[in-house]
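A closer look at the structure
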Amino acid sequence: MKYRQDRPYHNFRLKTSKSEKFLKKTLATFGDSATVREALSQFVISDISAFEVYFKDVFCEVFEFLKEDTELIQRCAKAKLVDRTFTLDDLIIITNDKIKISEIILGCQNFQNLDNINKVFSVIVDEKIFDLLNNNNFYRGEPKFPEKLKKYSMSIRSDWYPLMQEYLELRHTLIHDYTPRKKMNVERIFELHGNLEWFILAMDICIFFNFVHPRSYYLQERQRSDKKLGKKPHNSSVNQ
């Protein structure tokens, strides 16, 4: 992870843009169906890998930003995000290797499953995160003139969920049940790819700009205030 950029979204875009560029060059250079099919297969696999890494990195970054927020840990415990028990040997390893609670929670998650992504990040932001995607508009950057905000605003497409599910299932098929003669439609793959990128962008806005940034600012200000008053640091937090 130390070789990746700081922001998970930037790493995701860097990975997917490189894959897209490579695919387009391959399509322009080779015309035989076997090569095109293989190039599309690798593109899909790369896309979903970037998708999974994004959510792992976001999960870690949220806990790093909000490491003073014990309410976050309490919500994870209440939602039973860890579905296993630990033996004494496990606890010894956890202690000796200084494994963080967030790393234990992360190890129990599957970020190639939309239902699990919805569950985990709904717990984190304390709202039903897929409802936020369905009921809000999003925009890239900040327009110079607020009155023109609608021009920059876009809503995620209404069929984003089945499209994402189709893409995830396609990747699973290509990895675990590969069929050399399987037909791969270029236009459909690019449509699924575009939906993936828009889904990640919307999730990133929901997680960071509506949850992490306001809370991290609040925690920093509270710590400054406590320091000035000579109070001991405390770990409680308030809802957004």
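Residues numbered from 1 in each chain as written. Predicted model: local features only at pLDDT ≥ 70, side-chain atom pairs only at ≥ 80, totals over all residues. Heavy atoms only, no water.

1. A short note on the nonpolar core
Counting residues in hydrophobic clusters, the biggest one holds 61 residues, and the most contacted among them are F121 and F199. Contact partners of F199, with chain neighbours within four places excluded, come to F51, F55, L114, F130, L133, I156, W160 and M164. (Core = buried A, V, L, I, M, F, W, Y, C linked by side-chain atoms within 4.5 Å. Buried < 20%, exposed > 50% of the residue type's maximum accessible area, 1.4 Å probe, protein only. Contact = heavy atoms within 4.5 Å.)

2. Observations concerning a nonpolar patch on the surface
A contiguous nonpolar patch, built from F86, L88, L91 and I92 and spanning about 360 Å² of accessible area, is present on the exposed surface. Summarising the element assignment, I92 is placed in helix 4 (residues 88-96). (Patch = residues over 30% accessible without salt bridge, like charges linked within 9 Å, V, L, I, M, F, W, Y side chains within 5 Å. Areas by Shrake-Rupley, 256 points an atom, 1.4 Å probe, with all protein chains shown as cover. Salt bridge = Lys/Arg side-chain N within 4 Å of Asp/Glu carboxyl O. Helix = DSSP H or I, 4+ residues; strand = E, 2+ residues; numbered from the N terminus.)

3. Considerations on the pattern of salt bridges
Oppositely charged side chains can form a pair if their charged atoms are brought close together. Per the counting criterion, the structure on display carries 13 salt bridges. The salt bridge involving K24 is made with E20; its shortest N-O contact spans 3.1 Å. Of this pair, K24 and E20 both sit in helix 1 (residues 8-29), four residues apart, which is roughly one turn of that helix. Among the residues examined, K24 registers a relative accessible area of 46% and is labelled partly exposed. The class for E20 is buried, based on a relative accessible area of 19%. Residues D159 and R157 are paired through a salt bridge, measuring 2.6 Å at the closest nitrogen-oxygen approach. Of the residues examined, D159 reaches a relative accessible area of 28% and is grouped as partly exposed. If you follow the salt bridges from partner to partner, you end up with R157, D159, E166, R188 and E191 in one network.

4. Let's talk about the confidence of the model for the chain
Low-pLDDT stretches of the model should not have their predicted coordinates read in fine detail. The share of residues in the chain with pLDDT of 70 or more is 78%, and the mean pLDDT across the chain is 81. The low-confidence segment residues 225-229 (pLDDT under 50) makes three contacts with residues lying over four places distant or belonging to another chain. Confidence over residues 231-240 falls short of pLDDT 50; this stretch has 23 contacts with residues more than four positions distant or in other chains. (pLDDT = per-residue confidence, 0-100.)

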